[in-house]
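# Close look at the chain arrangement
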Amino acid sequence: MTSLSVSFSRAVAKGRNTVPAPDTREGLLVTLLRKRAAAQNAGAEDLESLLRSQILWALPTFESVEGDIHSAPCADTPRLIVNA
């Protein structure tokens, strides 16, 4: 009986669809936006709030000519500079 459960477990593990981590910032944002939409549809307000803060953190920021950094309007998000 034990070998049957091990075989079944291996078969199930092989059949699982694993999604690789996103390679780009755009891919990360798409993943976070989809998760936030699913959390909103499920009514999970705490999870949606957490995902919103992660989305704000993942957004790119740009440095202006004067050297000021423009980013999302949240004071506690890290300031990132993306060179295009």
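So, here is what we can say about the structure in this document. All values derive from a computational prediction rather than experimental measurement.

Quick notes on the rules
- Residues numbered from 1 in each chain as written.
- Predicted model: local features only at pLDDT ≥ 70, side-chain atom pairs only at ≥ 80, totals over all residues.
- Heavy atoms only, no water.
- Helix = DSSP H or I, 4+ residues; strand = E, 2+ residues; numbered from the N terminus.
- Buried < 20%, exposed > 50% of the residue type's maximum accessible area, 1.4 Å probe, protein only.
- Contact = heavy atoms within 4.5 Å.
- Areas by Shrake-Rupley, 256 points an atom, 1.4 Å probe, with all protein chains shown as cover.
- Core = buried A, V, L, I, M, F, W, Y, C linked by side-chain atoms within 4.5 Å.
- Expected span 1.5 Å × (residues − 1).
- Arc of directions from axis to C-beta.
- Salt bridge = Lys/Arg side-chain N within 4 Å of Asp/Glu carboxyl O.
- Axes fitted to C-alpha atoms, helices over the stretch in contact; angles between N-to-C directions.
- Parallel < 35°, antiparallel > 145°, perpendicular 65-115°, else oblique.
- Left-handed = near helix turned anticlockwise from the far one by under 90°.

### Describing the overall build of the protein chain
Each helix and strand in the protein chain was counted, giving 3 helices and 2 strands. Overall, the protein chain shows an N-to-C arrangement of helices and strands of α-α-α-β-β. Looking at the protein chain residue by residue over its 84 residues, the buried ones come to 14%. Long-range pairs, those at least 24 residues apart, make up 22% of the contacts in the protein chain with a sequence separation of at least 6. For the protein chain, the exposed area adds up to about 6900 Å²; of that, 57% sits on carbon and sulfur atoms.

### A closer look at the side chain of Arg-36
Along the polypeptide, Arg-36 turns up in helix α2 (residues 25-42). Discounting chain neighbours no more than four positions away, the residues touching Arg-36 are Glu-48, Leu-51, Arg-52 and Ile-55.

### Focus: the nonpolar core
Counting 6 residues, the largest nonpolar core is built from Leu-29, Leu-32, Ala-39, Leu-51, Ile-55 and Ala-58. When contributions to this core are tallied by element, the ones reaching two or more residues are α2 and α3 (45-58). With sequence-adjacent residues up to four places away left out, Ala-58 is seen in contact with Arg-25, Leu-28, Leu-29 and Leu-32.

### Section: α3
The terminal C-alpha atoms of α3, which comprises 14 residues, lie 20 Å apart, in line with the 20 Å expected from a rise of 1.5 Å per residue. All of the buried residues in α3 are Glu-48, Leu-51, Ile-55 and Ala-58. The buried residues of α3 occupy one face: seen down the axis, they fall within an arc of 80°. Those residues of α3 that are exposed and aimed more than 90 degrees away from the buried face are Glu-45 and Asp-46. At its buried positions, α3 is contacted by α2.

### Some points on the pattern of salt bridges
Scanning all chains against the criterion turns up 2 salt bridges. A salt bridge links Glu-48 to Arg-36; the shortest N-O distance between them is 2.9 Å. Of this pair, Glu-48 sits in helix α3 while Arg-36 is found in helix α2, placing the two residues 12 residues apart along the sequence. Of the two residues, Glu-48 and Arg-36, both sit in the buried class.

### Looking at the packing of α2 against α3
Close contact between α2 and α3 brings their axes to 9 Å; oriented N to C, the two are set at 160°. The angle between the axes of α2 and α3 places the two elements in the roughly antiparallel class. The handedness of the crossing between α2 and α3 comes out as left-handed. Contacts between α2 and α3 involve Arg-25, Leu-28, Leu-29, Leu-32, Leu-33, Lys-35, Arg-36, Ala-39 and Gln-40 from the former and Leu-47, Glu-48, Leu-51, Arg-52, Gln-54, Ile-55 and Ala-58 from the latter.

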